[in-house]
Amino acid sequence: MNDHESAGTFLVIGGSGRTGRLVVERLLARGARVTVAGRRPGNPPRGATTATVDLGRGIDPALLDGVTGVVVSVEPPADDRGAQAVMNHGVADLAAAAAKAGTKVVLVSQIYITRAHEHPSLAGIIVARAAGEEALRASGAPYAIVRPGWLTDAPAGGARLEQGDTGDGRTSRALVADATVAALFEPAASGKTFEVFDAPGAQVASWSDEFASLRRD
């Protein structure tokens, strides 16, 4: 698919959150059918439906019937056990179901996945996220993993994509949503993990070209 195609049915887990809602809005703007999923999905944007999903308790594979792609954009629990249940085991269960269904998964993760020691207070969450990332890669499901920096509510104003988890910086939620939706539609993003940061003045002319320049996992 290219930037201008809009067909598809999508499940956005965490779609009622600040970043997830932006993903939902962008998908709806493309004319996609969208289900907002979460423990408390709340009031979705007009045109979206809702489903109750708790990744910490697994996922009903039937939710993926007829689904083109899934976005996971959830806030992990603050305690280590809860983070493991959601960001590791929950993501792994979803990935296994997606592999069977042939459904693409775009996981919104974070930077510092390979550098948990730099942020001891977040180490439990980072370790859980890392395990979830690995489970998704190993599952056989088509996927992309987006690693934003420190999140802000600023408008999107340019982007810098990196790989290797060596960088630092801020990333607007709007940019995360743009990159996530692009990764859903662009085949060049499949099988790739990348960091994304704000870069004022560095506008993305083509997400396809940006993703094509990245190496596969």
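Here the structure is shown first, and the text comes after it.
Rules used throughout
Residues numbered from 1 in each chain as written. Predicted model: local features only at pLDDT ≥ 70, side-chain atom pairs only at ≥ 80, totals over all residues. Heavy atoms only, no water. Phe/Tyr/Trp six-rings, centres within 6.5 Å; stacked < 30°, edge-to-face > 60°. Lys NZ or Arg CZ within 6 Å of the ring centre and 35° of its normal. Helix = DSSP H or I, 4+ residues; strand = E, 2+ residues; numbered from the N terminus. Buried < 20%, exposed > 50% of the residue type's maximum accessible area, 1.4 Å probe, protein only. Core = buried A, V, L, I, M, F, W, Y, C linked by side-chain atoms within 4.5 Å. Contact = heavy atoms within 4.5 Å. Salt bridge = Lys/Arg side-chain N within 4 Å of Asp/Glu carboxyl O. Pairing = 2+ DSSP bridges.

### Brief notes about the packing of aromatic side chains
Stage number 1. Counting across every chain of the model gives four aromatic pairs.
Stage number 2. The positively charged end of Arg30 is found above the aromatic ring belonging to Phe185, 4.1 Å away from the centroid.

### Some remarks on unusual backbone geometry
Stage number 1. At Tyr112, a position not held by glycine, the phi torsion is positive, near 75°.
Stage number 2. With respect to the element layout, Tyr112 can be found in the loop between strand E5 (104-108) and helix H3 (123-139).
Stage number 3. On the accessibility criterion, Tyr112 (4% relative accessible area) is buried.
Stage number 4. In the Ramachandran plot, Asp165 falls in the positive-phi region, its phi being about 55° despite a non-glycine side chain.
Stage number 5. Inspection of the secondary structure assignment puts Asp165 in the loop between strand E8 (159-162) and strand E9 (170-172).
Stage number 6. Judged by relative accessible area, which is 2%, Asp165 ranks as buried.

### A look at the nonpolar core
Stage number 1. If you look at the biggest cluster of nonpolar residues, it comprises 30 residues, and the most contacted ones within it are Leu27, Val34, Leu161, Phe194 and Phe211.
Stage number 2. At the level of elements, strand E1 (9-13), helix H1 (18-29), strand E2 (33-38), strand E6 (143-148), E8, helix H4 (173-185), strand E10 (192-198) and helix H5 (207-212) are the ones that each hand at least two residues to this core.
Stage number 3. Per-element accounting of this core gives the leading share, eight residues, to H4.
Stage number 4. Apart from residues lying up to four places away in sequence, Leu27 is in contact with Phe10, Val12, Ala32, Val34, Val181, Leu184 and Phe185.

### Section: the pattern of salt bridges
Stage number 1. Counted by the stated rule, this structure contains 13 salt bridges.
Stage number 2. Residues Asp217 and Arg137 are paired through a salt bridge, measuring 3.3 Å at the closest nitrogen-oxygen approach. Of this pair, Asp217 sits in the segment after H5 while Arg137 sits in helix H3; the two residues are 80 residues apart in sequence, bridging distant segments of the chain.

### With respect to the environment of Ala202
Stage number 1. Inspection of the secondary structure assignment puts Ala202 in the loop between E10 and H5.
Stage number 2. Judged by relative accessible area, which is 32%, Ala202 ranks as partly exposed.
Stage number 3. A sequence separation of 43 residues divides Ala202 from Ala159, and the C-alpha atoms of the two residues are 5.7 Å apart.
Stage number 4. When residues no more than four places from it in sequence are discounted, the contact partners of Ala202 are Gly158 and Ala159.

### Some details on the pairing of E1
Stage number 1. Of all five residues that make up E1, five are buried, and the element is covered over most of its length.
Stage number 2. Burial along E1 is two-sided: Thr9, Leu11 and Ile13 facing one way and Phe10 and Val12 facing the other are all buried.
Stage number 3. With five bridges joining them, E1 and E2 adopt parallel strand pairing. The residue bridging Thr9 from the neighbouring strand is Arg33, located in E2.
Stage number 4. Where E1 meets strand E4 (residues 69-72), four bridges bridge the pair, whose relative direction is parallel. Across the sheet, Val12 pairs through a bridge with Val71, a residue of E4.

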